[in-house]
Structure formats: structure tokens, C-alpha cells
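# Tertiary structure, described
If you want the building blocks of each chain, they are given just below.
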Amino acid sequence: MPIAIAFDSGGNAVTEPWIKAAKSTYPSLIDRRHIVAELYDMVNVPTAVWIDEQGKIVRPSEPAGVTDAFRKMDHKNFSIPADAMNELQAKRKAYQDALRDWVAKGSNSRFALSEAEVLKRMHTPDDAHVRAAANFRLGEYLFEQGHPEAAQKYFEEAKRLRPESWNYKRQAWALEDPMKPGGPEFWAAVDSLGDRKYYPGAEDI
């Protein structure tokens, strides 16, 4: 069964209306503290982890059916060229088909990774990751206590320690202004990547 988890420091007030509008037929949870992201090394959305009935990870954290084609989106009216939209739709279908193949065939699916390959693709948290998480949580606490300027210092440190985490970037922006995660600051950060990937891509799908 799929389980959707929203990483949003704004909690229910921000996320619940979107969940209700989607009318999903599977559980949709809200993770204000990004605990799931920390446990499974998720630095962006949409990200997925495949876990079998025995609780064993079959595919570790990876982008779920998305590509960098979204970067062709017009920053003002949010329209996407036809070629980019076709690429995004094709990738989403390929990912969904792979997931269905695993559901039907289990460990015999060609998309089910060996234990060795799962371990190879997983990233063990290092000291910088742990300190980034601690700084971000402290920033959230200060923000919630009415000290946004003091909180910003810790948000910036979290982003410095783990620059690949777009979750930290977006949530820090969202706490300042709900429009910022899709505004000029976001697009400037994406554009600054140059030839580097925003979504590294799910290997072999």
C-alpha cells in the first residue's frame, strides 16, 4: 500500500487542504519535523522508498517519477513546453509501471534491488547531516516562539551544512512567506545549479 507523507513545517493548516482536495485512496500523513526525511535520507520531493511486507527496503530513497524537465517551466505563468511535459509524463508512467511490476512480482521484479545494491545506494548520515538537522529544528523552534530573525541564522546554517537538501531551503522560505518556495528565490537557486541536476534520477527506471 502506498503511503504519502507531506514534509511541511506549517503542519495541518497548510497541508491538510491539499490532501483533502486530492481525495487520495491511501494514507496521507503530515510530518512537521521531517523525521521521515531524516530517517530515509530524503532531500527533495517527490521522493520514494520501496519497503516490502517484511519491512525490508527494496529500493532506497530516490526521485519518484520526475526529471529536470520542470526547469523549462516559465517562471511567471508556470506554463511548461510540450516537450518538457511529455518527458515528465513519460517518466512518471515508467516509474508507476516499475512500481506495479514490483507489486505483482515481488522479489522477482527486475526493479527489486539486491541487498548489496540497496546498501550501495544508501547514504549513512555523517556529522554534517546530523548538525544540519539539529540547526533546522532549532530554527523551527525559534520561529514558532516568535523569533524569526534568530531562527534565520539556524536555517542558514542547516542549508550550509547540507546544501543538497531542497527540503531545508523550501521550508525555511515557506516559514518566511508561503509564496517563496515557488517564487524568485527558488528559481534563482535552481538556475544556479547550471548543468548540475536538481533531480538526480531514479537509477534503472
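Residues numbered from 1 in each chain as written. Predicted model: local features only at pLDDT ≥ 70, side-chain atom pairs only at ≥ 80, totals over all residues. Heavy atoms only, no water.

## Re the packing of aromatic side chains
The tally for this structure, following the rule as stated, stands at 12 aromatic pairs. Both rings, one in Phe136 and one in Tyr168, keep their centres 4.8 Å apart while their planes meet at 25°; by these two values the pair is stacked. Pair noted here: Phe136 is in helix 5 (residues 127-144) and Tyr168 is in helix 7 (residues 166-176), with a separation of 32 residues, a long-range link. Ring geometry for Trp166 versus Phe186: centroids 6.0 Å apart, planes at 75°, classification edge-to-face. One end of the pair, Trp166, is in helix 7; the other, Phe186, is in helix 8 (residues 184-191), and 20 residues separate them in sequence. Look at Trp166 and you get buried, because its relative accessible area is 5%. Relative accessible area serves as the criterion here: at 7%, Phe186 is assigned to the buried category. (Phe/Tyr/Trp six-rings, centres within 6.5 Å; stacked < 30°, edge-to-face > 60°. Helix = DSSP H or I, 4+ residues; strand = E, 2+ residues; numbered from the N terminus. Buried < 20%, exposed > 50% of the residue type's maximum accessible area, 1.4 Å probe, protein only.)

## Here's the deal with the layout of surface pockets
One number sums up the size of the second largest pocket: a volume of about 770 Å³. Together, 37 residues line the second largest pocket, and Asp41, Val43, Ser61, His123 and Pro200 are the ones closest to its centre. Contributing elements (two or more residues each) for the lining of the second largest pocket: helix 2 (35-40), strand 3 (47-51), strand 4 (57-63), helix 4 (115-121) and helix 7. Element by element, the count of residues in the lining of the second largest pocket is highest for strand 4, at 5 residues. Here the residues of the lining of the second largest pocket are counted per class, giving 19 nonpolar, 8 polar and 10 charged. (1 Å grid on protein atoms, 1.4 Å probe; cavity = no way out; pocket = protein on both sides within 12 Å on 5 of 7 lines; lining within 4 Å. Points joined across faces, edges and corners; volume = space filled by probe spheres on them. Nonpolar A, V, L, I, M, F, W, Y, C, P; charged D, E, K, R; others polar.)

## As for the pattern of salt bridges
What the rule picks out here adds up to 21 salt bridges. Notably, a salt bridge pairs Arg71 with Asp68, separated by 3.0 Å at the nearest N-O pair. Asp83 is the partner of Lys72 in a salt bridge, and the nearest nitrogen-oxygen pair spans 3.0 Å. Placement of the pair is Lys72 in the loop between strand 4 and helix 3 (82-105) and Asp83 in helix 3, with a sequence separation of 11 residues. By sharing partners, the salt bridges in this structure join Arg59, Glu62, Glu117, Arg121 and Asp204 into a single network. (Salt bridge = Lys/Arg side-chain N within 4 Å of Asp/Glu carboxyl O.)

## So, the side chain of His34
With respect to the element layout, His34 can be found in the loop between strand 2 (28-31) and helix 2. The exposure class assigned to His34 is buried, which follows from its relative accessible area of 4%. Aside from chain neighbours lying at most four places away, what touches His34 is Phe7, Asp8, Ser9, Asn167 and Gln171. (Contact = heavy atoms within 4.5 Å.)

## Structural notes on the environment of Tyr26
Along the chain, Tyr26 turns up in the loop between helix 1 (12-22) and strand 2. Not counting chain neighbours up to four residues away, the residues in contact with Tyr26 comprise Pro2 and Ala4.

## Observations regarding the packing of helix 5 against helix 7
Where helix 5 meets helix 7, the closest approach of the two axes is 12 Å, and the angle between their N-to-C directions is 10°. Here helix 5 is positioned roughly parallel relative to helix 7, judged by the angle of their axes. For the pair helix 5 and helix 7, the contacting residues are Ala132, Ala133, Phe136, Glu140 and Phe143 in the first and Tyr168, Gln171, Ala172, Leu175 and Glu176 in the second. The class makeup of the residues in the contact of helix 5 with helix 7 is 7 nonpolar, 1 polar and 2 charged. (Axes fitted to C-alpha atoms, helices over the stretch in contact; angles between N-to-C directions. Parallel < 35°, antiparallel > 145°, perpendicular 65-115°, else oblique.)

## Regarding a nonpolar patch on the surface
Among the surface-exposed residues, Met1, Ile3, Ile5, Tyr26 and Leu29 lie close enough to one another that they form a single nonpolar patch of about 530 Å² accessible area. Note that Met1 resides in the segment before strand 1 (4-7). (Patch = residues over 30% accessible without salt bridge, like charges linked within 9 Å, V, L, I, M, F, W, Y side chains within 5 Å. Areas by Shrake-Rupley, 256 points an atom, 1.4 Å probe, with all protein chains shown as cover.)

## Comments concerning the environment of Glu157
Examined against the element boundaries, Glu157 turns out to sit in helix 6 (residues 148-161). Exposure remark for Glu157: the relative accessible area of 23% places this residue in the partly exposed category. With 18 residues separating them along the chain, Glu157 and Gly139 place their C-alpha atoms 9.5 Å apart.

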